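Breakdown of the fold
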Amino acid sequence: PTDHKITMSPPLAAKNAVPKLRYLSAWFCPYAHRATIALEHHAGLVDYEWVEALGWEQREDDKNVTGTGKEWWYHWKADELKRVNPSALVPTLIPVDKDGKANEERSVYESLITIDYVDAIAKPTDEKLRLVPADPYLSAKCRYWADKVNRECCSPYYGVLVRTDEQERKENFDKLVTGLKAFSREMEKNGDARGFLGEGRLSNTDVALMPWAFRYYIFEHYRGYTIPVDEPELHAYKEWFDFVFSLESVKRTLPDKDKYLEHIGKYADSSARSKVANAVRRGVAAHEIEDDKDTY
């Protein structure tokens, strides 16, 4: 498909005074969800136009690959996405100039980078609204932990779903829980788990983890696993979870749970063919995708 849904961010005050972006996204993608949370966190300071630029299509099984009459599920990608991002992945942000023209040569991509970019162009005057702290130590700490949770709490999510061997699935789940316990212990040092830094403040570390934390509910349905939040080592994580998902700016970014549960079944039954799924299928972590190897 070449057509895609376009929606707008909520009404903003002084729209002409804030940076504008074309936001190439996909409703189901947790990587894109990071950018959405950052954009909504700074609603009023950044204006954006949502473009649904990536989706799914199921082709005819002409070669009897699956034996079902239908081929695997493949991503379709909007021409604009393929033009402005060398990997053709979401999220991708394109700045729009005062005349309404998208500056494609200055496109920004990679989900963790988009969080920092949105925070930088929003320029909040209140330090507590910054996702990347001004303090050099706290900034370094948050970037370290954003990368850590990405590797330890987000990437294993796909190993639980895509790997077909039960032992490998369990190993990935255990790795994920171990990562959450490390995250939880770090917050215990604050004595306050209302955000990674405490005191009700969000950071890029929180935004890095939130899309996957929200989606962990699918494990019980497809794999019979549940995050053991009642264990003492995860008490701070549970406090954090309850806090971040109570925020209105976060609530309005969340996909419908039933709709997402149906969507992710493509990964659970191994019918999804995407760069992430193919990377995990060949035995590497989701964050280790390579454009030349994980084609489809």
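Residues numbered from 1 in each chain as written. Predicted model: local features only at pLDDT ≥ 70, side-chain atom pairs only at ≥ 80, totals over all residues. Heavy atoms only, no water.

1. Observations concerning the nonpolar core
- Y157, L209, Y216, F219, I227, Y237 and W240 are the most contacted members of the largest nonpolar core, which has 82 residues in total.
- In terms of residues, this core owes the most to one element, helix 4 (residues 136-162), which gives 11 residues.
- Sequence-distant contacts of Y216, defined by excluding residues within four places in its chain, comprise C153, Y157, L176, L180, L209, I227 and Y237. (Core = buried A, V, L, I, M, F, W, Y, C linked by side-chain atoms within 4.5 Å. Buried < 20%, exposed > 50% of the residue type's maximum accessible area, 1.4 Å probe, protein only. Helix = DSSP H or I, 4+ residues; strand = E, 2+ residues; numbered from the N terminus. Contact = heavy atoms within 4.5 Å.)

2. With respect to the confidence of the model for the protein chain
- Looking at the protein chain, pLDDT values average 89 and 85% of them are 70 or higher.
- Confidence drops under a pLDDT of 50 for residues 10-15, and excluding neighbours within four residues, the segment shows eight contacts in the predicted structure. (pLDDT = per-residue confidence, 0-100.)

3. Observations concerning the environment of V229
- Take V229: it is sitting in the loop between helix 7 (218-223) and helix 8 (235-244).
- With a relative accessible area of 25%, V229 lands in the partly exposed category.
- Sequence separation between V229 and V177 is 52 residues, and the spatial gap between their C-alpha atoms is 9.6 Å.
- Setting aside its immediate chain neighbours within four residues, V229 contacts L234, H235, Y237 and K238.

4. So, the environment of P124
- In this fold, P124 is placed in the loop between helix 3 (111-122) and helix 4.
- Taking the C-alpha atoms as reference, P124 lies 7.9 Å from H42; in sequence the two are 82 residues apart.
- Apart from the residues lying within four places of it in its own chain, the contact partners of P124 are H42, L45, D119, L129 and R130.

5. Brief notes about the packing of aromatic side chains
- All told, the structure shown has 23 aromatic pairs when counted by the stated rule.
- Plain terms: the ring middles of Y144 and W145 are 5.9 Å apart, the flat faces sit at 85° to each other, and that makes the pair edge-to-face.
- Judged by its relative accessible area of 47%, Y144 falls in the partly exposed class.
- Accessibility expressed as a relative area gives 9% for W145, which makes it buried.
- Among the aromatic residues, those joined into a cluster by ring pairs are W27, F28, Y31, W56, Y157, Y158, F173, W212, Y216, F219, Y225 and Y267.
- Over the aromatic face of Y260 sits the side chain of R215, whose NZ or CZ is 4.7 Å from the ring centroid. (Phe/Tyr/Trp six-rings, centres within 6.5 Å; stacked < 30°, edge-to-face > 60°. Lys NZ or Arg CZ within 6 Å of the ring centre and 35° of its normal.)

6. Notes on unusual backbone geometry
- The peptide bond linking V90 to P91 adopts the cis configuration, its omega dihedral lying at 5°.
- You can see P91 is positioned in the loop between helix 2 (79-84) and strand 6 (92-96).
- Even without glycine at this site, E199 takes up a positive phi of about 60°.
- Residue position: E199 is located in the loop between helix 5 (166-188) and helix 6 (204-215).
- Since its relative accessible area comes to 57%, E199 is described here as exposed.

7. Digging into the side chain of H42
- Here H42 shows up in the loop between helix 1 (30-41) and strand 3 (47-52).
- Within polar-contact distance, the side chain of H42 engages the side chain of D119 at 2.7 Å. (Polar contact = N/O pair within 3.5 Å; in protein donor to acceptor, adjacent residues only side chain to side chain.)

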